[in-house]
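Residue-level structure breakdown
The primary structure of each chain is shown beneath.
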Amino acid sequence: MKKLTLIMALAFAFTSVNAIEISEPLKRIITVTGSAEMIVPPDEVELEITMTEYSSNSTISKIETALMKILLGNAVPKEKVMFDGSFTSFYWYYWWHHRNDSRKSKKIVVTLDAKTDFMKLVRDLDKEYISHIRITKTSNKDIQKLRRDVKIEAIKAAKAKAKYLLEAVDEEVGRLITVDELSELNHNQHSYWNHGNTNQVMSNSVMSYSKSRGGYMENVPEIKLRYEIKTQFEIN
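A few points on the structure. The numbering scheme is per chain: residues are counted from 1 as the chain's sequence reads. Side-chain atom pairs in this predicted model are given and counted only at pLDDT of 80 or more, local residue features only at pLDDT of at least 70, and totals for whole chains, interfaces and linings cover all residues. To obtain the side-chain values, all non-hydrogen atoms of the structure were used and water was disregarded.

This paragraph deals with the sheet that holds strand β1 (residues 29–40). With mixed pairing, the four strands of this open sheet are ordered in space as β6-β8-β1-β7. At either end of the open sheet lies a strand with only one pairing partner, and these are β6 (173–181) and β7 (205–207). Along the sheet, successive strands turn relative to each other by an average axial angle of 30°, direction set aside. Any two strands with at least two DSSP-identified bridges between them are counted as paired. Secondary structure elements are taken from DSSP: a helix is a run of H or I of four residues or more, a strand is a run of E of two residues or more, and numbering for both begins at the N terminus. Across six bridges, the pairing between β6 and strand β8 (residues 223–235) is antiparallel. Bridging from a neighbouring strand, Thr-178 pairs with Gln-232 of β8. By definition, residues are in contact when any of their heavy atoms lie within 4.5 Å. Here an axis means a line fitted to C-alpha atoms, over the contact stretch when the element is a helix, while the angle between two N-to-C directions is reported on a 0 to 180 degree scale. Packing against the sheet, helix α6 (residues 143–167) makes contact with β1, β6, β7 and β8, and its axis sits at approximately 145° to β1.

Attention now moves to the side chain of Asp-43. As for its position among the elements, Asp-43 is in the loop between β1 and β2 (44–52). Any residue under 20% of the maximum accessible area for its type is buried, any over 50% is exposed, and the rest in between are partly exposed; the area is computed with a 1.4 Å probe on protein chains only. Look at Asp-43 and you get buried, because its relative accessible area is 13%. At 2.9 Å, the side chain of Asp-43 and the backbone nitrogen of Lys-141 are in polar contact. Counting of polar contacts relies on pairs of N or O atoms within 3.5 Å, with two restrictions inside protein: one atom must be capable of donating a hydrogen and the other of accepting it, and residues adjacent in sequence are counted only when both atoms are side-chain atoms.

Aromatic rings from Phe, Tyr and Trp, taking only the six-membered ring of Trp, are treated as a pair when their centres fall within 6.5 Å; an angle between ring planes under 30 degrees marks them as stacked, one over 60 as edge-to-face, and anything in between as tilted. Per the counting criterion, the structure on display carries zero aromatic pairs. By definition here, charges over rings are those cases where NZ of Lys or CZ of Arg is within 6 Å of the ring centre and within 35 degrees of the ring normal. Directly above the ring of Tyr-227 sits Lys-151, whose terminal nitrogen or CZ lies 5.0 Å from the centroid.

Moving on, we come to the pattern of salt bridges. What makes a salt bridge here is a side-chain nitrogen of Lys or Arg within 4 Å of a carboxyl oxygen of Asp or Glu, nothing more. For the structure shown, the criterion picks out 13 salt bridges. As a salt-bridge pair, Glu-37 and Arg-226 come within 3.8 Å of each other at their nearest N and O atoms. Taken together, the residues Glu-37 in strand β1 and Arg-226 in strand β8 connect sequence positions 189 residues apart. By relative accessible area, which is 10% here, Glu-37 ends up buried. Classification of Arg-226 as buried rests on a relative accessible area of 4%. A salt bridge links Asp-149 to Lys-145; the shortest N-O distance between them is 3.0 Å. Note that Asp-149 and Lys-145 are positioned in helix α6 at a spacing of four residues, about one turn of the helix. Connected via shared salt-bridge partners are Glu-37, Lys-224, Arg-226 and Glu-228.

This part takes up the environment of Arg-175. Looking at the element boundaries, Arg-175 is found in strand β6. Residues Arg-175 and Ile-235, spaced 60 residues apart in sequence, show a C-alpha to C-alpha distance of 8.0 Å.

Structure (structure tokens):
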């Protein structure tokens, strides 16, 4: 009986030893998201202009001549005037679909820079034969560098946030573990008649753009750059 009891005890002890799992201590981490933004004035704008016949005497060819005179008077050379690419690609369809319309229309795209007084041009385009204008694109020659600067500021903001949150509970920020750039939101909606910004999200850091560089356009929608960087840091 004693021998049987001893065997059972040894078997139980062996099973218990095998059941022990050796695991590393869990890492203590903090996950934070930093954000930064900058408002950039454009130095180039693409303006789409739609011409429409408004009477029997207002043919598209006559309207186009009058429009070119307005553009040249506003420092827009002929080489900066072109058909809208998406429009010309399907010109055959457009012609067929509208061949019997009583009033024809035509779209052109004009590339503008700081040499053109945008507000003066808009006032000059206030004609019966101009049925619609809209900004289709805004750009800045330094946009790639500015994007990089905003992203750097966003990750700095993330580390600063982790630091003050941990300091509140007497802890310290350790080494960086992961970095994840969140999807860029599209804040560059080009609508000349609506300058309102519907995005009310506040960024951790708002950077300023030095307008002393010059060469930018006034009275046009500005370009908003905003980036969010998600990070994980060790807690020391």
